[in-house]
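# Remarks on the overall topology
Given next are the chains, with one letter for each unit.
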Amino acid sequence: MAISLLVLLVPIALLLAFYRGFLGGDQPSTVDPAPAVEQARAANAFPVSQPAGLDDNWRTVSASYRTVEGGSNLRIGYLTPEGRGAQLVQSNVPPERLLPAELTAEGQPQGPTEVGGRNWQRYTARGNEQALVLLEPGRTVIVVGDARENELRRLADAVR
């Protein structure tokens, strides 16, 4: 019985090693955010910014533009250089509705912080996540994730 099990496990182990080693099986798939950004710009619902100046270690793993009740949202998800998740949300949904929806009811303001010469608000978010929120006329920008604060600040600074 042990020999039969070994005969089955050896090819499975070899296939798994090939998948991970040569085909990059553990690497997340990346997407091009340009179509979602262009769709948001074409809708002209709010000023749309695409992060600029992020190096190649920032991988875009999701991007979508959707019309929702009360406005529309542009979301771009990233895998940071440290391998953590961060999401950029831009929306014209009123902040009093958007923030509880994005940060959950537990999301609480933690005070102001300056990033790139602009005044952002630090927030707690769901679970172990934290967020930076920029309130502008006609648009709210949220940078949220389980990434470290320096990476969230880097992403927020890249939003122009």
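All of these numbers come straight from a predicted model, not from anything done at the bench. (Residues numbered from 1 in each chain as written. Predicted model: local features only at pLDDT ≥ 70, side-chain atom pairs only at ≥ 80, totals over all residues. Heavy atoms only, no water.)

## Re the sheet that holds strand 1 (residues 59–68)
Across the sheet, which stays open at both edges, the 7 strands sit in the order 1-2-3-7-6-5-4 with antiparallel pairing between neighbours. Each edge of the open sheet carries a strand with a single partner, namely strand 1 and strand 4 (109–115). Sheet twist, expressed as the average angle between the axes of neighbouring strands with direction ignored, equals 20 degrees. The strands touched by helix 2 (residues 34–43) within the sheet are strand 1 and strand 2 (71–79), with strand 1 carrying the most contacts at an inclination of about 30 degrees. (Pairing = 2+ DSSP bridges. Helix = DSSP H or I, 4+ residues; strand = E, 2+ residues; numbered from the N terminus. Axes fitted to C-alpha atoms, helices over the stretch in contact; angles between N-to-C directions. Contact = heavy atoms within 4.5 Å.)

## Let's talk about helix 3 (residues 95–103)
Among all positions of helix 3, only Leu 98, Leu 99, Glu 102 and Leu 103 are buried. Seen from one end, helix 3 has its buried residues packed into an arc of 95 degrees, which puts them on one side. Those residues of helix 3 that are exposed and angled more than 90 degrees off the buried face are Glu 96 and Ala 101. Taken from the residues just after helix 3, Thr 104 is the one with a positive phi, measuring 70 degrees. (Buried < 20%, exposed > 50% of the residue type's maximum accessible area, 1.4 Å probe, protein only. Arc of directions from axis to C-beta.)

## Regarding the packing of aromatic side chains
Within the structure shown, the criterion is met by 1 aromatic pair. Taken together, a centroid distance of 6.1 Å and an interplanar angle of 80 degrees make the contact between Trp 58 and Tyr 78 edge-to-face. Here Tyr 78 lies in strand 2 and Trp 58 lies in the loop between helix 2 and strand 1, a separation of 20 residues in the sequence. With respect to burial, Trp 58 and Tyr 78 carry one shared label: buried. (Phe/Tyr/Trp six-rings, centres within 6.5 Å; stacked < 30°, edge-to-face > 60°.)

## Points about the pairing of strand 5 (residues 118–124)
Looking down a regular strand, the side chains alternate between one sheet face and the other. The sheet contact formed by strand 4 and strand 5 spans 6 bridges and is antiparallel. Note on strand 5: the bridge partner recorded for Gly 111 is Arg 122. Where strand 4 hands over to strand 5, the hairpin turn is made up of 2 residues, of which Gly 116 adopts a positive phi near 60 degrees. The hairpin turn running from strand 5 into strand 6 (residues 130–136), its antiparallel successor, is 5 residues long, and Gly 127 in that turn takes a positive phi close to 55 degrees.

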